[in-house]
Amino acid sequence: MKKLLAALATSVLFLTTAVAQTVPAPTIAAKSWILLDATSGQIIASQDPNARIEPASLTKIMTAYLVFAAIKEKKLDLNQMVNVSVRAWKVDPSSSKMFIDPATPVKVNDLLYGLMVQSGNDAAVALAEAVAGDEGTFVTLMNREAARMGMKSTHFANPHGLPSPENYSTAQDLSVLASRVILDYPEFYKIDSVKSFTYNKITQPNRNRLLWLDPTVDGMKTGHTEAAGFCMIASAHRPGGAGDRRLISVLLGTNSDQARTQESQKLLNWGFQNFDTIKLYSKGQAIATPEIWKGSQGTVKIGFANDVLVTVPKGVAGKMKPVLERKDPLVAPLAENSRVGTLKMMVDGKPMLELPVVSLEPVAQATIFGRAWDSMRLWLK
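Think of each chain on its own: its residues are numbered from 1, step by step along the sequence as written. With the structure being a predicted model, the display of local features is reserved for residues of pLDDT at least 70 and the display and counting of side-chain atom pairs for 80 or more, all residues being used for whole-chain, interface and lining totals. No hydrogens and no water enter the side-chain calculation; it runs on all heavy atoms of the structure.

A.B. asks: Quick question: what am I supposed to make of the overall build of the protein chain here?
C.D. replies: Within the protein chain one finds twelve helices and 19 strands. Taking the principal axes of the C-alpha coordinates as reference, the protein chain spans close to 85 × 45 × 35 Å. Taken over 381 residues, the protein chain has a buried fraction of 53%. The criterion used for residue contact is that any of the two residues' heavy atoms lie within 4.5 Å. When contacts within the protein chain are restricted to residue pairs at least 6 apart in sequence, long-range pairs at least 24 apart make up 66% of them. Note on areas: Shrake-Rupley with a 1.4 Å probe; residue coverage comes only from the protein chains shown. Split by element, the accessible area of the protein chain, about 17,100 Å² in all, is 53% carbon and sulfur. Each helix is a run of DSSP H or I of at least 4 residues and each strand a run of E of at least 2, with the numbering of both proceeding from the N terminus. Note on exposure labels: buried denotes an accessible area under 20% of the residue type's maximum, exposed denotes more than 50%, and partly exposed covers the range between, all computed with a 1.4 Å probe on protein chains only.

Printed below as a string of structure tokens:
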């Protein structure tokens, strides 16, 4: 998780598609899809990732995220009993439910399992009311959180994902949401790997069939409505060059439960088999020590504010050559983490990606005499 945090914090300014295109993407039977390497934060491949779709029960991932946040902030407790409202009980009876009842209070912990394992729409309403008092206020929180995450093409209308013209998202946005859950709340993300849950003497299986087919898959959620088709977000972690790698696939608009399972497996396998994630540089590692003018010291260490991990096609890593472009002359005062240049990773003479280079230490101004001397040297240079 620490590697994931560092990777997501590192800004890759530019990544050419030419290198990724040397590995043809598989044909995926879905309206829209995306494959994200969560270890590096890079998108490996996609098809219509910004197409607006109805997210169906994938909406519940945001509901869960806000409940996790409320628990972390001690606004809720896992053992807290929640009264079930008539509104939660009466949610569309033809849709998936946990089968809670107004006569019986339910633990928050049970509601979370009912939400993510059983995909209970009644559990979604009960949790929304527990967090925010009413469903409408909770939806406002959902949209506020989506905006904070940068989910620019997403709007939520309810906490469960039942059809509404005001409930929409994209594969791109949902991949952001999925990675935030895994990054911010790994202890709760484990719920997604549970294969079945029993409440009120009713046992229901997790609809994520990959949990039975692939031991490296540990989440995340399925969804289905007539308009959305069969959708799935799946995540798997397997050994890789930079330690364990995690991939997240988002498939929207397949035509069956079997199709979303098979196509998600195909996409995850393709990503693991054809790409490596490698660590290029460590946080704080100096890649150069150039001269600095008018400063209290003559040189400054430059490098990266975070670990730099990148995802590249297999066989490409050994061909990469770094080329540093600096913003010379560097002149004090210079704050730590100030942008001082760009490191280009070249493959066969062409730039594959560009990384921001920063100062790793602050440099104060020299005395008035030192500044005057350097001003003269710069003029003569």
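A.B. asks: Is there a simple way to think about unusual backbone geometry in this case?
C.D. replies: A negative phi angle is the norm for most residues apart from glycine, just as the trans form is the norm for most peptide bonds. Here the amide bond leading from Asp328 into Pro329 is cis, since omega sits at -5°, within 30 degrees of zero. Here Pro329 shows up in the loop between strand 16 (321-326) and strand 17 (330-331). Along the chain, Ala332 connects to Pro333 via a cis peptide bond; the corresponding omega equals 5°. Here Pro333 lies in the loop between strand 17 and strand 18 (339-347). Phi angles above zero are rare outside glycine, and Asn200 is one such case at about 55°. Even without being a glycine, Lys294 presents a positive backbone phi close to 60°. By relative accessible area, Lys294 is classed as partly exposed at 22%.

A.B. asks: Looking at this structure, I do not really get the pairing of strand 3 (residues 42-47). What am I missing?
C.D. replies: In this structure, strand 2 (residues 32-37) lies alongside strand 3, joined through five bridges in antiparallel fashion. Bridge pairing in strand 3 places Asp37 opposite Gln42. Two strands are said to pair when DSSP picks up at least two bridges between them. The hairpin formed by strand 2 and strand 3 contains four residues between the paired strands, and Gly41 there has a positive phi angle of roughly 80°.

A.B. asks: Please explain a nonpolar patch on the surface as it appears in this structure.
C.D. replies: To count toward a patch, a residue needs a relative accessible area over 30% and no salt bridge; like charges are then connected within 9 Å, while nonpolar side chains (Val, Leu, Ile, Met, Phe, Trp, Tyr) are connected within 5 Å. The term salt bridge refers to a pairing of a side-chain nitrogen on Lys or Arg with a carboxyl oxygen on Asp or Glu at a separation within 4 Å. Nonpolar side chains collect at one region of the surface, where Trp373, Met376, Trp379 and Leu380 lie side by side and expose about 580 Å² of accessible area between them. Exposure remark for Trp379: the relative accessible area of 72% places this residue in the exposed category.

A.B. asks: Mind showing me how you'd approach the packing of aromatic side chains here?
C.D. replies: Where two aromatic rings form a pair, the distance of their centres and the angle of their planes describe that pair. Note on aromatic pairs: the rings of Phe, Tyr and Trp (six-membered ring only in Trp) are paired at centre separations within 6.5 Å, and the planes decide the class, stacked below 30 degrees, edge-to-face beyond 60, tilted for the rest. In the structure shown here, the tally under the stated rule is seven aromatic pairs. Ring centres of Phe68 and Phe188 lie 4.8 Å apart, and the angle between their planes is 15°; this geometry places the pair in the stacked category. In this pair, Phe68 sits in helix 3 (residues 60-72) while Phe188 sits in helix 9 (residues 186-189), placing the two residues 120 residues apart along the sequence. The same class applies to Phe68 as to Phe188, namely buried. Ring centres 6.4 Å apart and planes at 45° place the aromatic pair Tyr185 and Phe188 in the tilted group. On the basis of relative accessibility, which here comes to 11%, the residue Phe188 falls in the buried class. Note on criteria: charge over ring means Lys NZ or Arg CZ within 6 Å of the ring centre, with the direction from the centre no more than 35 degrees off the ring normal. Residue placement shows Arg52 over the ring face of Tyr168; its charged tip is 3.6 Å from the ring centre.

A.B. asks: Help me understand the side chain of Asp173 in this model?
C.D. replies: Relative to the helices and strands, Asp173 is located in helix 8 (residues 171-184). Any pair of nitrogen or oxygen atoms within 3.5 Å is treated as a polar contact; in protein, a donor-acceptor pairing is required on top of that, and neighbouring residues in sequence qualify only through side-chain atoms on both sides. Engagement of the side chain of Asp173 in a polar contact is seen with the side chain of Thr154, the distance being 2.8 Å. Apart from residues lying up to four places away in sequence, Asp173 is in contact with Gly150, Met151, Lys152, Ser153 and Thr154.

A.B. asks: Sorry if this is basic, but what is going on with the side chain of Gln42 here?
C.D. replies: Note that Gln42 resides in strand 3. Within polar-contact distance, the side chain of Gln42 engages the backbone nitrogen of Thr311 at 3.1 Å.

A.B. asks: Can you walk me through the nonpolar core in this structure?
C.D. replies: Remark: nonpolar core denotes a set of buried residues (Ala, Val, Leu, Ile, Met, Phe, Trp, Tyr, Cys) joined through side-chain atoms within 4.5 Å. Counting residues in hydrophobic clusters, the biggest one holds 64 residues, and the most contacted among them are Met62, Leu111 and Ile233. The contact partners of Leu111, leaving out residues within four places of it in the chain, are Val82, Met98, Ile100, Val106, Ala123, Ala126 and Leu127. Counting residues in hydrophobic clusters, the runner-up holds 25 residues, among them Ile292, Val316, Leu343 and Leu355.

A.B. asks: Explain the packing of helix 3 against helix 6 (residues 121-132) here, please?
C.D. replies: The description of two helices packed together rests on the angle between their axes and the distance between the axes. Lines are fitted to the C-alpha atoms to define the axes, a helix being fitted only along its stretch in contact, and any angle between axes, read from their N-to-C directions, falls within 0 to 180 degrees. Look at helix 3 against helix 6: their axes get within 10 Å of each other, and the N-to-C directions meet at 35°. Remark: the crossing between helix 3 and helix 6 carries left-handed chirality. The segment helix 3 lies against helix 6, with Lys60, Thr63, Val67 and Ala70 engaging Asn121, Ala124, Leu127 and Val131. Looking at the contact of helix 3 with helix 6 residue by residue, the class counts come to five nonpolar, two polar and one charged. Here a crossing is called left-handed whenever its near helix is offset anticlockwise from the far helix by less than a right angle, and right-handed whenever the offset is clockwise. Three categories are distinguished: nonpolar for Ala, Val, Leu, Ile, Met, Phe, Trp, Tyr, Cys and Pro, charged for Asp, Glu, Lys and Arg, and polar for the others, with Gly belonging to the last.

A.B. asks: Please clarify how empty space enclosed by the protein should be interpreted in this entry.
C.D. replies: It is a probe the size of a water molecule, rolled over the atoms, that shows where empty space is left. Grid points spaced at 1 Å over the protein atoms alone were grouped into cavities, where a 1.4 Å probe fits but cannot get out, and pockets, open sets with protein on both sides within 12 Å along at least five of seven lines, with lining residues defined by an atom within 4 Å of a point. Grid points are joined across faces, edges and corners, and a volume is the space filled by probe spheres set on the points. This model, assessed by the stated rule, comprises two cavities of 30 Å³ or more. Volume-wise, the largest cavity comes out at about 40 Å³. Mapped by element, the contributors of at least two residues to the lining of the largest cavity are helix 3 and helix 9. Partitioning the lining of the largest cavity into residue classes produces eight nonpolar, no polar and one charged.

A.B. asks: What should I look at first to understand the packing of helix 3 against helix 5 (residues 108-116) in this one?
C.D. replies: Two elements in contact, helix 3 and helix 5, have axes separated by 10 Å at closest approach and are oriented at 160°. Taken together, the axes of helix 3 and helix 5 lie roughly antiparallel to each other. Remark: the crossing between helix 3 and helix 5 carries left-handed chirality. Each of Lys60, Ile61, Thr63, Ala64, Val67, Phe68 and Ile71 in helix 3 lies in contact with helix 5, whose residues at this interface are Val108, Leu112, Leu115 and Met116. Classifying every residue of the contact of helix 3 with helix 5 gives nine nonpolar, one polar and one charged. Roughly parallel here means an angle under 35 degrees, roughly antiparallel means over 145, roughly perpendicular means 65 to 115, and every remaining angle is called oblique.

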